[in-house]
Protein chains: 2
Amino acid sequence: MKTTDENQPLAGAQDADGARRSDRTRAAILRAARERFAEHGFERTTIRAVAADADIDPSMVMRYFGTKERLFDAALDIDLRLPDLTAVPLADLPELLVRHFLDRWESDPPDDGLLVLLRSAVTNERAAQRTREMFAAQVAPAVTEVLPPRAAARIGLVSAQLLGLALTRYLLRMPAVTELTKEEIVATLAPAIARTLGV
Amino acid sequence: MKTTDENQPLAGAQDADGARRSDRTRAAILRAARERFAEHGFERTTIRAVAADADIDPSMVMRYFGTKERLFDAALDIDLRLPDLTAVPLADLPELLVRHFLDRWESDPPDDGLLVLLRSAVTNERAAQRTREMFAAQVAPAVTEVLPPRAAARIGLVSAQLLGLALTRYLLRMPAVTELTKEEIVATLAPAIARTLGV
DNA sequence: CCCTGAAGTCAACAGGTGTTGGCCCACGGG
DNA sequence: CCCGTGGGCCAACACCTGTTGACTTCAGGG
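Keep in mind that this is a model prediction, so the values were computed, not measured.

S.K.: If you had to explain the packing of helix H1 (residues 21–44) of chain B against helix H4 (residues 68–75) of chain B to someone new, which residues and values would you point to?
M.R.: Residue and element names in this part refer to chain B. Orientation of H1 relative to H4, taken along the N-to-C sense of each, is 100°, at an axis distance of 10 Å. The angle between the axes of H1 and H4 places the two elements in the roughly perpendicular class. Counted together, Ile-29, Leu-30, Ala-33, Arg-34, Phe-37, Phe-42 and Glu-43 of H1 and Lys-68, Glu-69, Leu-71, Phe-72, Ala-74 and Ala-75 of H4 form the full contact between these two elements. For the contact of H1 with H4, the class distribution of residues is nine nonpolar, no polar and four charged.

This is how it looks when you write it as structure tokens:
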């Protein structure tokens, strides 16, 4: 679902890796943008701040991405990287899900992608729609394939539980949640999700 | 925890109800502010828009609340209205919690209070702190009183699940969650929360 | 009646925003 | 050597924001 367009097929000054100069600054802008969007959301992130982080002029951001919204779209182009679920026994699914998302959220270096989406989707309709699309394109199909229909109908509430975890732990930073270790969360949330699915 | 200060003790033009003129416009401002904050969050809500909704001049908002942040604080002064939990049997607690919050969120006319808080807390540190305080002041004490210690330690994850429901249903509006009826949600989420608590 | 103080209006300021267009520099191929 | 082009910078525009202060209305008590 990558929308990154590899245009400019004409030859230009190329790096040793075959990467153009512009590709590196483009990547620098994107990295800075993801970080800012993840921490402050769409409205509070300014083009000027992103540019400063990437050590370039604000107008360069416009040159590369055209508009703040298109920069945002580019930053939202993420992949949940859900593992292949057809191989795992049904009974292991809940724990695998909880562990997978905890690992992604707490990876080091942090992979801001999901937090960008979540933080922004709450106040930005464009991001909200992206979230719904991502769910429909990546989560729903992967899960309905391996679940009995009755359980698949509850996948919405499973998402609610997982997103609620991200919300309280990483965005609201509620002590009652941040105090828990990864293992404690897995141990108590996985059974709850199993119960939600009825498996 | 009401921070509303009833100053201006001097007599003034009073209404039949004993309410000053200013009290009515103050209330109108607050109502408009809550609506805007609930729908668009802190950053996207402008003083001018609130004033327009309340049919007054923007400078009046400043006169009454001093600052946008103080208006925000006033709008955040909410009460979860948790029922007395000491009376209910432990086994009924999960269903009661789910039902209580669903009822509050879907009350008609809508009571924006909780949505203001949730929508804003994600991008506004001040609101996030308020949320943590509200949790610590209202949820934690009411629940730890009636729960065995082992279950009380998991109240954070219960909040995560309830807030996750609000997030996906009212803010992100994910079809897989909005499609469910209130009763369906109660029927599948309450057992999951019971499992989380281990009761 | 006037006159005081509260309630409300108007116009402006100062700062920050996304966005634009003109200019400059480096550099590699002719 | 020139010079065209891609990459980058600077300064400005137009707009919107929170906020302020001076002015007007208006009701009611002396």
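Here the narrative resumes.
S.K.: Report on the interface of chain A and chain B, specifying residues and quantitative values.
M.R.: Chain A puts 40 residues into the contact, and the matching count from chain B is 40 residues. Both sides of the chain A and chain B interface together cover about 3600 Å² of buried area, and 71% of this is carbon and sulfur. Three residues stand out in chain A for area buried against chain B, namely Val-122, Leu-157 and Leu-172 of chain A, and they jointly supply 18% of the buried area on that side. Taken together, chain A and chain B are joined by two salt bridges. Residue Arg-44 of chain A pairs with Glu-43 of chain B through a salt bridge whose shortest N-O separation is 3.3 Å. At the surface where chain A touches chain B, the tally comes to eight residue pairs in polar contact (both at pLDDT 80 or more). Broken down by secondary-structure element, the contributors of at least two residues to the side of chain A that touches chain B are helix H1 (21–44), helix H6 (113–121), helix H7 (125–144), helix H9 (155–171), helix H10 (175–178) and helix H11 (182–197) of chain A. Broken down by element, the side of chain A that touches chain B gets its largest block of residues, eleven residues, from H9 of chain A. For the side of chain A that touches chain B, the per-class residue count stands at 21 nonpolar, twelve polar and seven charged.

S.K.: How would you sum up the pattern of salt bridges? Please name residues and give values.
M.R.: Using the criterion set out here, one finds 18 salt bridges over all chains in the structure. A cluster of three or more residues bridged by salt bridges with shared partners is formed by Glu-69, Asp-73 and Arg-126 of chain A.

S.K.: Go over the packing of aromatic side chains with me, naming the residues and quoting the values.
M.R.: All names here are of chain A. This model, assessed by the stated rule, comprises ten aromatic pairs over all chains. Ring centres of Trp-105 and Tyr-170 lie 5.5 Å apart, and the angle between their planes is 55°; on these two criteria the pair is classed as tilted. Of the two residues, Trp-105 is situated in helix H5 (residues 93–105) and Tyr-170 in helix H9; the sequence distance between them amounts to 65 residues. Overall, Trp-105 belongs to the buried group, its relative accessible area being 10%. Joined through ring pairs, the aromatic side chains of Phe-37, Phe-42 and Phe-72 make up one cluster. One Lys or Arg, Arg-26, reaches over the ring of Phe-65 and ends 5.2 Å from the middle of that ring.

S.K.: Give me the lowdown on the nonpolar core, citing residues and values where you can.
M.R.: Leu-71 and Val-98 of chain A together with Leu-71 and Val-98 of chain B are the most contacted members of the largest nonpolar core, which totals 130 residues. The residues touching Val-98 of chain A, leaving out its near neighbours within four places in the chain, are Leu-162, Ile-185, Val-186, Leu-189, Ala-190 and Ile-193 of chain A.

S.K.: Run through H1 of chain A, naming residues and quoting values.
M.R.: All names here are of chain A. The end-to-end C-alpha distance of H1 is 29 Å, clearly below the 34 Å that 24 residues give at a rise of 1.5 Å each. Taking the largest bend as the criterion, H1 deviates by roughly 85°, centred on Ala-38. Of all the positions in H1, only Ala-28, Ile-29, Leu-30, Ala-32, Ala-33, Phe-37, Ala-38, Gly-41 and Phe-42 are classed as buried.

S.K.: Can you break down unusual backbone geometry residue by residue, with the values?
M.R.: The general pattern is negative phi for most residues beyond glycine and trans for most peptide bonds. For the peptide bond that leads from Asp-108 of chain B to Pro-109 of chain B, omega is 5°, which places it in the cis range. Assignment of secondary structure puts Pro-109 of chain B in the loop between helix H5 (93–105) and helix H6 (113–121). Positive phi values are uncommon outside glycine, yet Asp-55 of chain A reaches one of about 60°. Here Asp-55 of chain A shows up in the loop between helix H2 (47–53) and helix H3 (58–65). A positive phi is found at Arg-173 of chain B, a non-glycine position, where the angle reads about 50°. Tracing the chain through its elements places Arg-173 of chain B in the loop between helix H9 (155–171) and helix H10 (175–178). By relative accessible area, which is 49% here, Arg-173 of chain B ends up partly exposed.

S.K.: Go over the protein's contact with DNA strand C with me, naming the residues and quoting the values.
M.R.: Around DNA strand C, a shell composed of 17 residues is seen, among which Thr-46, Arg-48, Thr-67 and Lys-68 of chain A together with Tyr-64 of chain B lie nearest. Within 4 Å of the protein, the contacting atoms of DNA strand C are drawn from sugar and phosphate to the extent of 39%. In this structure, a base oxygen belonging to DNA strand C sits 3.0 Å away from a side-chain N or O atom of Arg-63 of chain B. Taking Tyr-64 of chain B, its side chain carries an N or O atom lying 2.9 Å from a phosphate oxygen of DNA strand C. Only H2 and H3 of chain A together with H1 and helix H3 (58–65) of chain B provide two or more residues apiece to the surface near DNA strand C. Here the surface near DNA strand C gets four residues from one element, more than from any other, and that element is H3 of chain B. Its residues placed into classes, the surface near DNA strand C shows five nonpolar, seven polar and five charged.

Cut-offs and rules
Residues numbered from 1 in each chain as written. Chains lettered and ligands numbered in written order. Predicted model: local features only at pLDDT ≥ 70, side-chain atom pairs only at ≥ 80, totals over all residues. Heavy atoms only, no water. Axes fitted to C-alpha atoms, helices over the stretch in contact; angles between N-to-C directions. Helix = DSSP H or I, 4+ residues; strand = E, 2+ residues; numbered from the N terminus. Parallel < 35°, antiparallel > 145°, perpendicular 65-115°, else oblique. Contact = heavy atoms within 4.5 Å. Nonpolar A, V, L, I, M, F, W, Y, C, P; charged D, E, K, R; others polar. Buried area = accessible area lost by both parts, 1.4 Å probe. Salt bridge = Lys/Arg side-chain N within 4 Å of Asp/Glu carboxyl O. Polar contact = N/O pair within 3.5 Å; in protein donor to acceptor, adjacent residues only side chain to side chain. Phe/Tyr/Trp six-rings, centres within 6.5 Å; stacked < 30°, edge-to-face > 60°. Buried < 20%, exposed > 50% of the residue type's maximum accessible area, 1.4 Å probe, protein only. Lys NZ or Arg CZ within 6 Å of the ring centre and 35° of its normal. Core = buried A, V, L, I, M, F, W, Y, C linked by side-chain atoms within 4.5 Å. Expected span 1.5 Å × (residues − 1). Bend = angle between axes of the 7 residues up to and from the residue. Near = heavy atom within 4 Å.

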